[in-house]
Amino acid sequence: MLELRDVSKKYGDKTALDGISLSLEPGIYGLLGPNGAGKSTLMNVITGNLRPTTGEVRWDGTEISSLGASYRSLLGYAPQQQGLYDSFSGIRFLSYMAALKGIPGKKQTEEIRRVLEFVNLTQAGRRPVRTYSGGMKQRLLIAQAVLGDPKCIVLDEPTAGLDPKERVRVRQQILALSGDRIIMVSTHVVSDIEPVATQILLLKAGKLIDQGTMEELCGKYKAARGLEEVYLRIFGEEEHDLSDRS
């Protein structure tokens, strides 16, 4: 179980997160909110890249800062498209990430083969990353996130900038990862997460303003048209990305 206990994060006078409390068990969690809601900050607090100003994050009851490398081995994190080395081949990039995750060298070859197959990049593995399309780069980021079979996977805007076909492919991969893992997917595009999420988390101005299953939220807000209508009622149409209806 992953727990956030009254987590806040401030940058000077600005409050990016304000008293977030969550208990997450295996499942797919869609973190929805407009740009600037605090989604990326929350991702970085969960992954240990940022320390909260107040509150704590716990894994199975133990505060994550005391777990060190053992917590990092449980995590898979795919940020928005950044941190890719264009001169590296896909295999070299994954080898580098596997080493950072502490995966023994003798296990790396098989693990890299497994994740490339999972994201359908086996044939492109030896090509330079600079030759990859946007969708291929996003799939490569997902591949590095699942290296080592992590128990908690965090995906920050995994379909940003992708065409509808690639969005569908990424959604299918997210669904394939579910089971005994905690998967959190941050997005402001409702159609990215509506078909796959078991729980929806609604973040606005750093506050968790509501959460529940899609059915629970649609019933609460009397949203006959689904989660998109819930989003529009909470955040307003001007904040909603309607660029993809796939």
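Overview of the structure. (Residues numbered from 1 in each chain as written. Predicted model: local features only at pLDDT ≥ 70, side-chain atom pairs only at ≥ 80, totals over all residues. Heavy atoms only, no water.)

## Some words on the packing of aromatic side chains
Part 1 of the argument: Applying the stated criterion across every chain, the model contains 6 aromatic pairs.
Part 2 of the argument: When the ring of Tyr85 is compared with that of Phe88, the centres are 5.0 Å apart and the planes differ by 25 degrees; the resulting orientation is stacked.
Part 3 of the argument: We classify Tyr85 as partly exposed; its relative accessible area is 36%.
Part 4 of the argument: On the basis of relative accessible area, Phe88 is assigned to the buried category, the value being 13%. (Phe/Tyr/Trp six-rings, centres within 6.5 Å; stacked < 30°, edge-to-face > 60°. Buried < 20%, exposed > 50% of the residue type's maximum accessible area, 1.4 Å probe, protein only.)

## Considering the layout of surface pockets
Part 1 of the argument: Looking at the largest pocket, its volume works out to about 800 Å³.
Part 2 of the argument: In terms of lining, the largest pocket is formed by 30 residues, of which the most central are Thr47, Asn49, Arg72, Leu75 and Tyr77.
Part 3 of the argument: Elements represented by at least two residues in the lining of the largest pocket include exactly β4 (54-59), α2 (69-72), β6 (75-78), α3 (90-100) and α5 (134-145).
Part 4 of the argument: Examining the composition of the lining of the largest pocket, we find that 4 residues originate from one element, α3, more than from any other.
Part 5 of the argument: Each residue belonging to the lining of the largest pocket can be placed in one class, and the counts come to 15 nonpolar, 11 polar and 4 charged.
Part 6 of the argument: Roughly 160 Å³ of internal volume is contained in the second largest pocket.
Part 7 of the argument: Here the element with the most residues in the lining of the second largest pocket is helix α4 (residues 105-118); it accounts for 5 residues.
Part 8 of the argument: The class makeup of the residues in the lining of the second largest pocket is 3 nonpolar, 6 polar and 2 charged. (1 Å grid on protein atoms, 1.4 Å probe; cavity = no way out; pocket = protein on both sides within 12 Å on 5 of 7 lines; lining within 4 Å. Points joined across faces, edges and corners; volume = space filled by probe spheres on them. Helix = DSSP H or I, 4+ residues; strand = E, 2+ residues; numbered from the N terminus. Nonpolar A, V, L, I, M, F, W, Y, C, P; charged D, E, K, R; others polar.)

## Points about the sheet that holds strand β5 (residues 62-63)
Part 1 of the argument: Within the open sheet, the 4 strands sit side by side as β2-β1-β4-β5. Their pairing is antiparallel. Looking at the sheet topology across the chains shown, the edges are occupied by β2 (14-24) and β5.
Part 2 of the argument: Relative to β2, strand β1 (residues 2-11) runs antiparallel, the two sharing 7 bridges. Paired with Val7 across the strands is Ile20, a residue of β2. (Pairing = 2+ DSSP bridges.)

## With respect to the sheet that holds strand β3 (residues 27-32)
Part 1 of the argument: The sheet built from 6 strands is open, its strands ordered β6-β7-β8-β3-β9-β10 with mixed pairing. The sheet is open, and its two borders are formed by β6 and β10 (207-212), each paired with just one other strand. Strand-to-strand, the axes of this sheet are offset by a mean angle of 15 degrees, without reference to chain direction.
Part 2 of the argument: Here 4 bridges tie β3 to strand β9 (residues 199-204), and the two strands are oriented parallel to one another. Bridging across to β9, Gly30 finds its partner in Ile200.
Part 3 of the argument: This element, helix α9 (residues 227-235), spans β3, β9 and β10 of the sheet and lies at about 20 degrees to β9. (Axes fitted to C-alpha atoms, helices over the stretch in contact; angles between N-to-C directions. Contact = heavy atoms within 4.5 Å.)

## Considerations on the packing of α3 against α4
Part 1 of the argument: Running from N to C, α3 and α4 cross one another at 120 degrees; their axes reach a closest spacing of 10 Å. With respect to their mutual orientation, α3 and α4 come out oblique. Relative to α4, α3 is oriented so that their crossing is right-handed. Counted together, Ile91, Leu94, Ser95, Ala98 and Ala99 of α3 and Gln108, Ile112, Val115 and Leu116 of α4 form the full contact between these two elements.
Part 2 of the argument: Of the residues that constitute the contact of α3 with α4, the class distribution is 7 nonpolar, 2 polar and no charged. (Parallel < 35°, antiparallel > 145°, perpendicular 65-115°, else oblique. Left-handed = near helix turned anticlockwise from the far one by under 90°.)

## Some remarks on the pattern of salt bridges
Part 1 of the argument: One pass over the structure, following the stated rule, counts 17 salt bridges.
Part 2 of the argument: Residue Asp149 is joined to Arg181 by a salt bridge in which the shortest nitrogen-to-oxygen separation is 2.2 Å. Here Asp149, found in the loop between α5 and β7 (152-156), pairs with Arg181, found in the loop between α6 (164-177) and β8 (182-187); they are 32 residues apart in sequence, far enough to count as distant.
Part 3 of the argument: With a relative accessible area of 37%, Asp149 lands in the partly exposed category.
Part 4 of the argument: Note that Glu166 and Arg169 form a salt bridge whose closest N and O atoms lie 3.5 Å from each other. Placement of the pair is Glu166 and Arg169 together in helix α6, with a separation of 3 residues, close to one helical turn.
Part 5 of the argument: Overall, the relative accessible area of 12% leaves Glu166 in the buried class.
Part 6 of the argument: Overlapping salt bridges bring together Glu3, Arg5, Glu56 and Arg58 as one network. (Salt bridge = Lys/Arg side-chain N within 4 Å of Asp/Glu carboxyl O.)

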